[in-house]
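Commentary on secondary and tertiary structure
Listed below are the residues making up each chain.
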Amino acid sequence: MADQWFADLEGEEDISGARKMFSLLTKDVGTRLIAVDQKEGGPEAITREIHALRGAIGSIGLAACAVDLHELEKNWTTLTPDQRTTLLASARKAFQAGVIALVSRFPYLAR
């Protein structure tokens with residue numbers, strides 16, 4: 001999926017647009033990943049937020065993070081607090097690793 005978003009860009013306008021989109025997406029998702037378990041509204045609101053995060057993350061090809069979020073979304077109400085914490089930490093770490101990998105692959109995203 002990342003190739004569809006970030007590969008074969010032509011011209012500074014395309015690159016600037018991709019950079020801006022990547023920056024906004026990573027800031028938004030990163031912030032929401034940190035606070036997802038503190039979301040008000042109970043388990044339904046949390047699982048809706050996890051679903052939305054999984055979609056945003058999947059849209060740029062960060063599959064490892066999406067797998068952890070899928071597990072959280074599917075099993076939030078049956079997971080223990082420790083299991084939730086572990087999966088959220090894994091998702092956050094996978095997100096950060098994915099962002100680093102994308103910047104490594106498409107260096108213009110970091111400028």
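Summarised in this report is the structure supplied together with it. (Residues numbered from 1 in each chain as written. Predicted model: local features only at pLDDT ≥ 70, side-chain atom pairs only at ≥ 80, totals over all residues. Heavy atoms only, no water.)

So, the nonpolar core
Grouped together as the largest cluster of nonpolar side chains are 31 residues, with contacts concentrated most on Phe6, Leu33, Ile57 and Leu69. Looking at this core, the elements with two or more residues in it are helix 2 (11–35), helix 3 (42–59), helix 4 (63–75) and helix 5 (81–105). The greatest single-element share of this core, amounting to seven residues, is contributed by helix 5. If we skip the residues at most four places from it in the chain, Phe6 touches Ala18, Met21, Phe22, Ile60, Leu102, Phe106, Tyr108 and Leu109. (Core = buried A, V, L, I, M, F, W, Y, C linked by side-chain atoms within 4.5 Å. Buried < 20%, exposed > 50% of the residue type's maximum accessible area, 1.4 Å probe, protein only. Helix = DSSP H or I, 4+ residues; strand = E, 2+ residues; numbered from the N terminus. Contact = heavy atoms within 4.5 Å.)

Focus: the pattern of salt bridges
This structure, assessed with the given rule, holds five salt bridges. Two residues, Arg54 and Glu73, come together in a salt bridge whose shortest N-O distance is 2.8 Å. Linking Arg54 in helix 3 with Glu73 in helix 4, this pair joins segments that are 19 residues apart in sequence. Owing to a relative accessible area of 24%, Arg54 belongs among the partly exposed residues under this scheme. Three or more residues are tied together by salt bridges with common partners; here these are Asp28, Arg32 and Glu49. (Salt bridge = Lys/Arg side-chain N within 4 Å of Asp/Glu carboxyl O.)

Overview of the packing of aromatic side chains
Per the counting criterion, the structure on display carries one aromatic pair. Here Phe106 and Tyr108 contribute two aromatic rings whose centre-to-centre distance is 6.2 Å and whose plane-to-plane angle is 55°, an arrangement assigned as tilted. Judged by its relative accessible area of 7%, Phe106 falls in the buried class. You can call Tyr108 buried: its relative accessible area is 13%. (Phe/Tyr/Trp six-rings, centres within 6.5 Å; stacked < 30°, edge-to-face > 60°.)

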